[in-house]
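This is what each chain is made of:
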Amino acid sequence: MSRPRIVIVGAGFAGYRTARTLSRLARGRADITLLNPTDYFLYLPLLPQVAAGILEPRRVTVSLSGTLRQARLVLGEADRIDLDARTVHYTGPEGDGGSLSYDRLVLAAGSVNKLLPVPGVAEHAHGFRGLPEALYLRDHVTRQVELAAAADDPAECAARCTFVVVGAGYTGTEVAAHGQLFSDAQVHKHPMRTGMRPRWLLLDIADRVLPELDERLSRTADRVLRERGVDVRTGTSVKEATREGVLLSDGEFVDTRTLVWCVGVRPDPLAESLGLPMERGRLLVDPQLRVPGRPEVFACGDAAAVPDLEEPGQYTPMTAQHAWRQGKVCAHNVAASLGDGEPRPYRHSDLGFVVDLGGVKAAANPLGVHLSGPVAGAVTRGYHLAAMPGNRVRVAADWLLDAVLPRQAVQLGLVRSWSVPLDTASPELARVPSGPGRGESGAEGAAGQAAGQASGPTGSRPGGEPGKGRSGPRPPAGPHLAPGPVKRTDVPADPDAPAGPDHPADPLEGDS
């Protein structure tokens, strides 16, 4: 008798937890395949610290093949799922297609940047959902400070030192808090930058920061941000974005070269493509995380609308807390569907929230006890160390080094502006100017360039999109783009290539 085939789409909080728990439960009695665009699990809550130069990028990534020894990793993005044939069709990182057959399917595709119909935002803003966006923001902030220091025009200097973050939820609040410290450190005690004052604006249409949390946490975060110099504007958002700045909803025009879009997330478009019952873009499931009418299909995380049994009539919010817990329940229910154990409904109980505000500051309410200042900072960092599935010693070491040594503020030039567009179904992948896997010398490199010219540099997939049928813009030409790697001379030039070179602080975990 052949072993059952289990395919898990996505390795975010829900998918990774499902794969890890299933690997333990199956004990080699099932074939577990994990389909994901990257070979790592990304610990999103610490991404602002990557953008601020506190943590090195690999610290917030956990190897999938290294930690999921009983699961087979397949690199690629799911294009289409044939529910009747029980087959997942995908595109690999080098443009090659493939398919995976399953007896049980777990959809945990996650979420992408949420877009609003604001003119100019898609062209001039950057999101904050993946490692490429964090690396781009770190380089971009450093570059703007350096260009501002060299500018002769005071107005240009002020514009380059102005950074606008839209969305005062978990992500936006932490990005602004860490960003102000990062940019301040680059001008502090620098004799050639005397008088420069980086300015961070945090905007939200809500009447307070962290509107989804307890008001005491909101007040703590607001106070810390304002004391640090962040210009917090509630009841305000962006009406239009241009290359020279942003027009606010109150009529003020802010000169800036930086717009970070943190207004929220939307489910991955893959869920909607299935033609199954949806709830605001999320796949409807029952309390056991099963898709009604498809007993072999399960869904969890941001892609699933999971009934909230603690608040009847509601669905659990799209947070890492719920995704992590749902992954564990989903694994048990998949095993139960194969005859190992009994299915269980998803229930949750909040043990509190933590919000990292940079330095030694944080806001937290573990077990309902409100904390602020260094005590909250210690609780927050302790929680993240406990919650991370790997790299704890390396993360702690980076924190220690950051406390005693100045940060390295240099541009690596690895991620360019056009390679991390806001309107993307794959924020975990940076776009490249040619077909995926192309760029090698000789005939293969020429073929890749030809493909890029025929379909646009985003005409292929991982690293080149269009993810899940999206087309996306071509890399723009212009001298305003950041310097990048040295131009290759062993492949034909692309005339449309650039001429020159932008989580939630997780609630404390309490599995049901």
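Quick notes on the rules
- Residues numbered from 1 in each chain as written.
- Predicted model: local features only at pLDDT ≥ 70, side-chain atom pairs only at ≥ 80, totals over all residues.
- Heavy atoms only, no water.
- Helix = DSSP H or I, 4+ residues; strand = E, 2+ residues; numbered from the N terminus.
- Buried < 20%, exposed > 50% of the residue type's maximum accessible area, 1.4 Å probe, protein only.
- Areas by Shrake-Rupley, 256 points an atom, 1.4 Å probe, with all protein chains shown as cover.
- Phe/Tyr/Trp six-rings, centres within 6.5 Å; stacked < 30°, edge-to-face > 60°.
- Expected span 1.5 Å × (residues − 1).
- Pairing = 2+ DSSP bridges.
- Core = buried A, V, L, I, M, F, W, Y, C linked by side-chain atoms within 4.5 Å.
- Patch = residues over 30% accessible without salt bridge, like charges linked within 9 Å, V, L, I, M, F, W, Y side chains within 5 Å.
- Salt bridge = Lys/Arg side-chain N within 4 Å of Asp/Glu carboxyl O.
- Lys, Arg positive; Asp, Glu negative; His and termini not counted.
- Charge placed at Lys NZ, Arg CZ, Asp CG, Glu CD.
- Axes fitted to C-alpha atoms, helices over the stretch in contact; angles between N-to-C directions.
- Parallel < 35°, antiparallel > 145°, perpendicular 65-115°, else oblique.
- Left-handed = near helix turned anticlockwise from the far one by under 90°.
- Contact = heavy atoms within 4.5 Å.
- Nonpolar A, V, L, I, M, F, W, Y, C, P; charged D, E, K, R; others polar.
- Polar contact = N/O pair within 3.5 Å; in protein donor to acceptor, adjacent residues only side chain to side chain.
- Disulfide = S-S within 2.5 Å.

Q: Can you help me understand the overall build of the chain in this one?
A: Within the chain one finds 13 helices and 26 strands. Relative to its 512 residues, the chain shows a buried fraction of 56%. When the accessible area of the chain is evaluated, it comes to approximately 21200 Å², of which 53% is carbon and sulfur surface.

Q: How should I be thinking about the packing of aromatic side chains in this particular structure?
A: The description of an aromatic ring pair rests on the distance of the ring centres and on the angle between the ring planes. Here the structure, examined in full by the defined rule, presents seven aromatic pairs. Taking 5.9 Å as the distance between ring centres and 50° as the angle between the ring planes, the aromatic pair formed by Phe13 and Tyr43 counts as tilted. Taken as a pair, Phe13 in helix 1 (residues 13-26) and Tyr43 in the loop between strand 3 (40-42) and helix 2 (47-51) lie far apart in primary sequence, 30 residues in all. For the pair shown, Phe13 and Tyr43 are each scored as buried. With 6.2 Å between their ring centres and 40° between their planes, Phe41 and Trp324 make a pair best called tilted. Pair noted here: Phe41 is in strand 3 and Trp324 is in helix 10 (residues 320-337), with a separation of 283 residues, a long-range link.

Q: Can you walk me through helix 10 in this structure?
A: Every α-helical turn comprises 3.6 residues, leaving residues that sit three or four positions apart pointing alike. Given a rise of 1.5 Å per residue, 18 residues ought to cover 26 Å, and the 25 Å separating the end C-alpha atoms of helix 10 matches this to within 8%. Burial analysis of helix 10 places 16 of its 18 residues in the buried class, the great majority of the element. Where helix 10 terminates, the next one or two residues include Gly339, which has phi positive at roughly 95°.

Q: Would you take a moment to explain the sheet that holds strand 19 (residues 278-279) for this structure?
A: Strands belonging to one sheet form pairs held by backbone hydrogen bonds; the direction of such a pair is parallel or antiparallel. Strands sit in the order 19-20-23 across an open sheet of three strands; the sheet is mixed. Sheet topology places strand 19 and strand 23 (304-305) at the edges, where each strand pairs with a single neighbour. Across two bridges, strand 19 lies against strand 20 (residues 282-284) in antiparallel orientation. Looking at the pairing, Glu279 lines up with Arg282 of strand 20.

Q: So what exactly am I meant to see when it comes to the nonpolar core here?
A: Generally speaking, soluble globular proteins have nonpolar side chains that are buried together. By size, the foremost hydrophobic cluster in this structure holds 117 residues, and its most contacted members are Leu47, Ile81, Val88, Leu105 and Leu107. Val164, Val238, Val254 and Leu259 belong to the second-largest nonpolar core, a separate cluster that totals 15 residues.

Q: I would appreciate a short explanation of the environment of Val230 in the present structure.
A: Relative to the helices and strands, Val230 resides in the loop between helix 8 (215-228) and strand 13 (231-234). Note on Val230: relative accessible area 4%, which makes it buried. Along the primary structure Val230 and Leu181 are separated by 49 residues, whereas in three dimensions their C-alpha atoms are 9.9 Å apart.

Q: What should I look at first to understand a positive patch on the surface in this one?
A: On the surface, a cluster of positive charge is contributed by Arg20, Arg24, Arg27 and Arg392. Relative to the elements of secondary structure, Arg24 occurs in helix 1.

Q: Quick question: what am I supposed to make of the packing of helix 11 (residues 373-387) against helix 12 (residues 392-404) here?
A: For any two helices packed against each other, one specifies the crossing angle of their axes together with the interaxial distance. Relative orientation of the contacting elements helix 11 and helix 12 amounts to 155°, with a least axis distance of 9 Å. One finds that helix 11 runs roughly antiparallel with respect to helix 12. Considering how the two elements wind past one another, helix 11 and helix 12 form a crossing that is right-handed. Residue-level inspection shows Arg381, His384, Leu385 and Ala386 of helix 11 in contact with helix 12, the latter providing Arg392, Val395, Ala396 and Trp399. A per-class count over the contact of helix 11 with helix 12 returns five nonpolar, one polar and two charged.

Q: Which parts of the structure should I look at to understand the sheet that holds strand 14 (residues 238-241)?
A: Here we have three strands laid out as an open sheet, ordered 14-15-16, and antiparallel in their pairing. In this open sheet, the two edge strands, each paired with only one partner strand, are strand 14 and strand 16 (253-255). When the angles between neighbouring strand axes are averaged without regard to direction, this sheet yields 25°. Taken together, the three bridges between strand 15 (residues 245-248) and strand 16 define a ladder with antiparallel strand orientation. Across the sheet, the residue bridging to Leu247 is Phe253, located in strand 16.

Q: So what exactly am I meant to see when it comes to the side chain of His178 here?
A: Turning to its location among the elements, His178 is positioned in helix 7 (residues 170-187). There is a polar contact of 3.1 Å between the side chain of His178 and the side chain of Asp356. When sequence neighbours within four positions are dropped, the list of residues in contact with His178 reads Pro48, Gln49, Ala52, Ile54, Asp356 and Gly358.

Q: Looking at this structure, I do not really get the state of the cysteines. What am I missing?
A: Should the sulfur atoms of two cysteines be covalently bonded, the bond is a disulfide. Using the criterion set out here, one finds zero disulfides in the structure. Summary of cysteine pairing: Cys161 is not part of a disulfide, and the nearest cysteine sulfur, belonging to Cys157, is at 4.6 Å. On the basis of relative accessibility, which here comes to 3%, the residue Cys161 falls in the buried class.

Q: How should I be thinking about the pattern of salt bridges in this particular structure?
A: Once the charged atoms of two side chains with opposite charge are near each other, the side chains can pair. The tally for this structure, following the rule as stated, stands at 20 salt bridges. A salt bridge links Asp398 to Arg59; its shortest N-O distance comes to 3.1 Å. Placement of Asp398 in helix 12 and of Arg59 in the loop between helix 2 and strand 4 (61-63) is noted, with a sequence separation of 339 residues between them. On the basis of relative accessible area, Asp398 is assigned to the buried category, the value being 8%. On the basis of relative accessibility, which here comes to 19%, the residue Arg59 falls in the buried class.

Q: Would you take a moment to explain the pairing of strand 22 (residues 294-299) for this structure?
A: Each regular strand shows side chains that alternate between the opposite faces of the sheet. Here strand 9 (residues 104-107) runs beside strand 22; their pairing, made up of three bridges, is parallel. The residue bridging Val106 from the neighbouring strand is Phe298, located in strand 22. Here strand 21 (residues 290-291) runs beside strand 22; their pairing, made up of two bridges, is antiparallel. Following the sheet pairing, Val291 is matched in strand 22 by Arg294.

Q: Can you walk me through the environment of Gly341 in this structure?
A: The residue Gly341 is located in the loop between helix 10 and strand 24 (354-356) in this model. A relative accessible area of 46% places Gly341 in the partly exposed class. In the structure, Gly341 is positioned 316 residues away from Leu25 in sequence and 9.9 Å away in space, judged by C-alpha atoms.

Q: Looking at this structure, how should I read a nonpolar patch on the surface?
A: A cluster of nonpolar side chains, namely Leu400, Leu401, Val404 and Leu405, defines an oily patch on the protein surface of about 400 Å² accessible area. Turning to its location among the elements, Leu401 is positioned in helix 12.

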